[in-house]
Structures are given as structure tokens and as C-alpha cells.
Amino acid sequence: MGNKVKSIGLIGLGMVAGVAASFQFSAIAQKVSGSPLPLEELRQLSDVFGLIKTDYVESVDDKKLLTEAISGMVSSLDPHSVYLDKKAFREMRETVAGKFVGIGVEVGLEDGYIKVVSPIEDTPAFKAGIKAGDVITRIDGTLIKGMSLDESVKKMRGEPRSKVSVTISRKDEDKPLIFNIVREEIRVQSVKARIIEPGYAWVRISQFQEPTVDDMAKKITALYHQDPNIKGLVLDLRNDPGGVVPGAIGVSAAFLPKDSVIVSTNGQLLASKETFYGRQEFYAPRAKTDPLAKLPAALKDVPMVVLVNAGSASASEIVAGALQDYKRATIMGQQTFGKGSVQTLRQLTADTAVKLTTARYYTPKNRAIQARGIMPDLLVDETAEGDGLNRLRVREADLQKHLGNDKDPEGEITKRDPLEEEQAIAVLAKKAKPVEFGSKDDFQLAQALNHFKGLPVKLSKADAKPANDVGETKPDTPPNTQPK
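Residues numbered from 1 in each chain as written. Predicted model: local features only at pLDDT ≥ 70, side-chain atom pairs only at ≥ 80, totals over all residues. Heavy atoms only, no water.

> When you look at the packing of helix α7 (residues 245–255) against helix α9 (residues 315–325) in this model, what are you seeing that I'm missing?
Axes are the key here: two packed helices are described by the angle between their axes and the distance separating the axes. Look at α7 against α9: their axes get within 8 Å of each other, and the N-to-C directions meet at 25°. Judged on the interaxial angle alone, α9 and α7 are roughly parallel. The hand of the α7/α9 crossing is right-handed. Every residue of α9 that contacts α7 at Val245, Ala248, Val251, Ser252 and Phe255 is listed here: Ala315, Ile318, Val319, Ala322 and Leu323. When the residues that make up the contact of α7 with α9 are grouped by side-chain class, the tally is nine nonpolar, one polar and no charged. (Axes fitted to C-alpha atoms, helices over the stretch in contact; angles between N-to-C directions. Helix = DSSP H or I, 4+ residues; strand = E, 2+ residues; numbered from the N terminus. Parallel < 35°, antiparallel > 145°, perpendicular 65-115°, else oblique. Left-handed = near helix turned anticlockwise from the far one by under 90°. Contact = heavy atoms within 4.5 Å. Nonpolar A, V, L, I, M, F, W, Y, C, P; charged D, E, K, R; others polar.)

Quick look at the structure:
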């Protein structure tokens, strides 16, 4: 099978979602060199297979046994290497393309139930009348209290034109509401943007998908038409789990000088030793025109703040690291997740693949992000009262079998006691309210605006070294837009 393996490409995988292939690596499978196959161990594998077939209490399908053996072999390497069966492979491709088949709601977990954050405009859920704040209690009659968010989402997804029944609990309604909805293909917008107050723009990227660079360019251009005198731009990457690497390169290139180095990779394969620049060939190779070509010239010089937190991973760390290395933006928030490895998708059959970690990636100044993350220039808590649940989130260094940081092993995030974490999370979860990014109550966004305006920024209570003994600091000087 080895010579038939196809390389799909370079993946900057986020901590939560599988994402799309990007740059094309060699289509030739790499052959094992230097040592013969371990025949004794292969015989043992064959013997165990035979024992299960003859001695196990029930009959086991051959295909299932072999598939599970492949899956176990790959997953034993690191947290991001995985075997993708037909369903997982299809879902990954949907996520990459920024589309899926479902009802069209953005959801979150609250008190064991699924709460609708927002129905996506012009989708079946939106047309059926599902509203923000609705609580989903049953899907196809199945009670979902206590079910994981991923499992609940999978129940709402399905085949095009298939039907699903969603039971809703709505405030001010005496009885549950039942919606019978026909699933359709949903296209997800990963970029939101608006003028939050005169002279200041907010651009949020929730995940890096294939359409992200084009969507961001269109939305930023629209912002400048709305307000040609933008004095500060906030790029919000909080809770962005990553996605396709070309998306990260294109977003970085929009704000940096032409042809800047954005990210480099290094691994065993010759094809994994790459440097990627802010050029169309790296962020939009199949596009007929450069999506960044018509961006306002002022975008290269507008003062910037990039907001990050423990949920910012992979491709979002590439962007934050590049803008920080060039001193193009002030990075604000909390230390990022630390997912600095590259996954390559090797297709096995038409419907299955292996996603294999093949390299680490590095910022323009050759900093390795793996297991360390990006440290903000200004540490700012999630709320005025503290960093809440954000400080207790699992990071890359907490994951079993994670890759180490080859540039700075001592700089890895310290692992925490899992039992202690669970207890602290349980206590905080009862009191903490989820932050709506971009709202008037968004504390970190307010601090970004203070930074632009020359007002004091309230630093993290845990990490701040206050200049005036009040936990505040004056903003830095305007960022230098030229690489050093």
C-alpha cells in the first residue's frame, strides 16, 4: 500500500477542529530507510490477530480489527496524528471548505444543554424561527442534557434534504417548541468585521478556512469605505483553533510589507523544510487574482492590536507570531495554546486518510511555538475580575505525548494537576458568564481601545508588573511596520 499513498498537503490543525489541506507535498510515499522491517513484531501482530479471530468471545470483523490497529498505531505518536475513516475524512473536508450539511446554528454548552448563540442568516434554522438564547433540549426526541457539544452537533448534521426534529426551550414560553427542519448545505463565514466606534475597527476570525483570506479582504475594504480614517484595528483571534496555513499566511500578509517571511517549517522530509512568504503563490495559489491586491494602502500602517487567549491555536499563533516578530502589532490577552506542529494528510483510499505530524513551524525570528505558544506583549485578563475559565484551559503542553519545543524546552508551559483543574473549573463554571466577543461588555476589547487612545491599560492581576502600582500601563509607542 505504501507506494499508493497520496500526499494531500500541509495542515495547521487547531486543537478542536480538523482542517483543510494546504501546500502540496511530494506525492511519492517515503520509504523506510536504514533498518529492516521488524519481522518479529509483525509476526506478533499476526498472531494476536489470529487469536482474536479464533478465541474472542464473539466474532469480530476483519476490517474492523485492521482499521483499529492502524488507528491505534497512528494515534500513539502524538495528539494530532490520527487515522481518518470515511466519516471523519468527509467531515474534515467540509470544515476545511467552510461548509457543512446541517440546520445552521452557532451553539455553545450551558448547564449541560446546548444553547443557541446565533442562528446563521438564511439557513433552515433561521427560516424556521430559532432564535439566539434558545436552549436545545432534544434532537430527534433524544434528551441531550449531559451530552458533549461535539456529539450534539453531529446529531444536528446529516445528509442534504434529510429531516431533523429539534426541541427548544425558550424564555417566556410556557411549553417546549418543536421545530421539524430539513437539513441543507451551510456555508460558514469565518470572518466578522465592524466599526466598533468612530475611527476603530474590529475584525474577528473564528477559524482559518479556504475562503478566509478573500472574506477578510472584502470585509476590511468595506470598513474603509464606511470610515476611511480608521485610527486603530483590532484583529481578534481569541478561541480561534486554527485551520489552513494559507489562510494564516494571507491574513499576515495583509498587514506586513510585501514578500515578508511569514512562517517556516522543519521536519524529516526535504519537502517539510520550507519557508513561506507573503505572496499570492503561498496564500491563494489557485485564485485568478490576488485577493489582497485591492486592500486600502492605509492597512499596512494602521496601528493594530491582536487579541489572543488560551484558545488561540495553530494558524492563529502563526499570525500572532509573525505580527509580533515584525513589531507590526501589539499582542494582547493571554498566552496562546502552543500548537506549533504541521500535519500532512496522506490519502490511503478514496475515502480514508492518515493525518500525520510531519514538521514543526517557526515564526519569522525562528521561534518555535510548539508547547509554548505566543506570549502577549500586554497580559490582560478576560474580565475586570480576572481571567476566569481561560486560565484553566487545557493547552498543548497538557496533552499526553505532545511534541516538545526544540528551540526552548525550558520555555514549555508547565503542566497542571488535572484533579485540581477539574475542581477549579467546576467552581468557576457556576459563576462565570461566557464573554461575547465584540460586545460592549468585552473587557479585553475595551483595553485594546484604551491602548489606541493612549489611556491606561488594565493588566492581568496574576502577571502584571504595574508601572504605577495600580495594575495599569501606558501603551507602547506606535508599532514599527518594517521587518527587523
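> Mind showing me how you'd approach the pairing of strand β13 (residues 232–236) here?
Among the five residues that make up β13, five are buried, leaving the element largely enclosed by the rest of the structure. Residues Gly232, Val234 and Asp236 line one face of β13 and the alternating positions Leu233 and Leu235 line the opposite face, and both faces are buried. Across five bridges, the pairing between strand β12 (residues 200–205) and β13 is parallel. The partner of Arg204 across the bridge, within β13, is Asp236. (Buried < 20%, exposed > 50% of the residue type's maximum accessible area, 1.4 Å probe, protein only. Pairing = 2+ DSSP bridges.)

> Quick question: what am I supposed to make of a nonpolar patch on the surface here?
On the surface, a cluster of nonpolar side chains totalling about 400 Å² of accessible area is made up of Leu37, Leu39, Leu42 and Leu45. Among the structural elements, Leu39 can be located in helix α1 (residues 39–55). (Patch = residues over 30% accessible without salt bridge, like charges linked within 9 Å, V, L, I, M, F, W, Y side chains within 5 Å. Areas by Shrake-Rupley, 256 points an atom, 1.4 Å probe, with all protein chains shown as cover. Salt bridge = Lys/Arg side-chain N within 4 Å of Asp/Glu carboxyl O.)

> Is there a simple way to explain α7 in this structure?
In an α-helix, one turn spans 3.6 residues; hence positions three or four apart end up facing the same way. Of all the 11 residues making up α7, 11 are buried; the element is thus mostly covered by neighbouring parts of the structure. Within the sequence span of α7, burial applies to Val245, Pro246, Gly247, Ala248, Ile249, Gly250, Val251, Ser252, Ala253, Ala254 and Phe255.

> Got a minute to help me understand the sheet that holds β13 in this structure?
Where strands meet in a sheet, backbone hydrogen bonds hold them as pairs that are either parallel or antiparallel. Strand order in the open sheet formed by six strands is β11-β12-β13-β16-β17-β20, and the pairing between neighbours is mixed. If you trace the sheet from one side to the other, it starts and ends with β11 (191–197) and β20 (378–379), each paired once. Taken together, the four bridges between β13 and strand β16 (residues 304–308) define a ladder with parallel strand orientation. Paired with Leu233 across the two strands is Met304, which belongs to β16. Strand contacts of α9: β13, β16 and β17 (330–333), with the helix running at about 145° to β16, the strand carrying the most contacts.

> Help me understand the pairing of strand β6 (residues 135–139), please; the structure alone is not making it clear to me.
Across a regular strand the side chains alternate sides, sitting on one face of the sheet and then on the other. Bridge count between strand β5 (residues 113–119) and β6: two bridges; the pairing is antiparallel. By the bridge assignment for β6, Ile114 is matched with Ile136. Bridge count between β6 and strand β8 (residues 163–169): four bridges; the pairing is antiparallel. Its bridge partner lying in β8, Arg138 is registered against Thr167. Inspection of the sheet shows β6 paired to strand β7 (residues 142–143) by two bridges, in the antiparallel sense. The residue of β7 that forms the bridge with Arg138 is Leu143. Counting the residues in the hairpin turn of β6 and β7 gives two residues, including Asp140, whose phi is positive at 55°.

> Explain a positive patch on the surface here, please?
Among the surface-exposed residues, Lys63, Lys86, Lys87, Arg90, Arg93 and Lys154 lie close enough to one another that they form a single positively charged patch. Sort the elements by how many residues they give to the positive patch and helix α3 (residues 86–97) lands first, with four residues. Tracing the backbone shows Lys87 in helix α3. (Lys, Arg positive; Asp, Glu negative; His and termini not counted. Charge placed at Lys NZ, Arg CZ, Asp CG, Glu CD.)

> Would you explain the pattern of salt bridges in this entry?
Close approach of charged atoms lets side chains of opposite charge pair. Within the structure shown, the criterion is met by 14 salt bridges. In this structure, the salt-bridge partner of Lys218 is Asp214, at a minimum N-O distance of 3.1 Å. On the criterion of helical spacing, the pair formed by Lys218 and Asp214 is a turn pair, its members being four residues apart in helix α6 (residues 212–226). Under the relative-accessibility criterion, Lys218 is labelled exposed at 55%.

> Is there a simple way to think about the nonpolar core in this case?
What tends to happen in soluble globular proteins is that the nonpolar side chains get buried as a cluster. Formed by 51 residues in total, the largest nonpolar core has its most connected members in Met216, Leu235 and Phe255. With seven residues, the top contributor of residues to this core is α7. The contacts of Phe255, once residues within four sequence positions are left out, are Met216, Ile220, Leu233, Leu235, Leu299, Lys300, Met304, Leu323 and Arg328. By size, the runner-up hydrophobic cluster in this structure holds 18 residues, among which are Ile114, Ala125, Ile130 and Val166. (Core = buried A, V, L, I, M, F, W, Y, C linked by side-chain atoms within 4.5 Å.)

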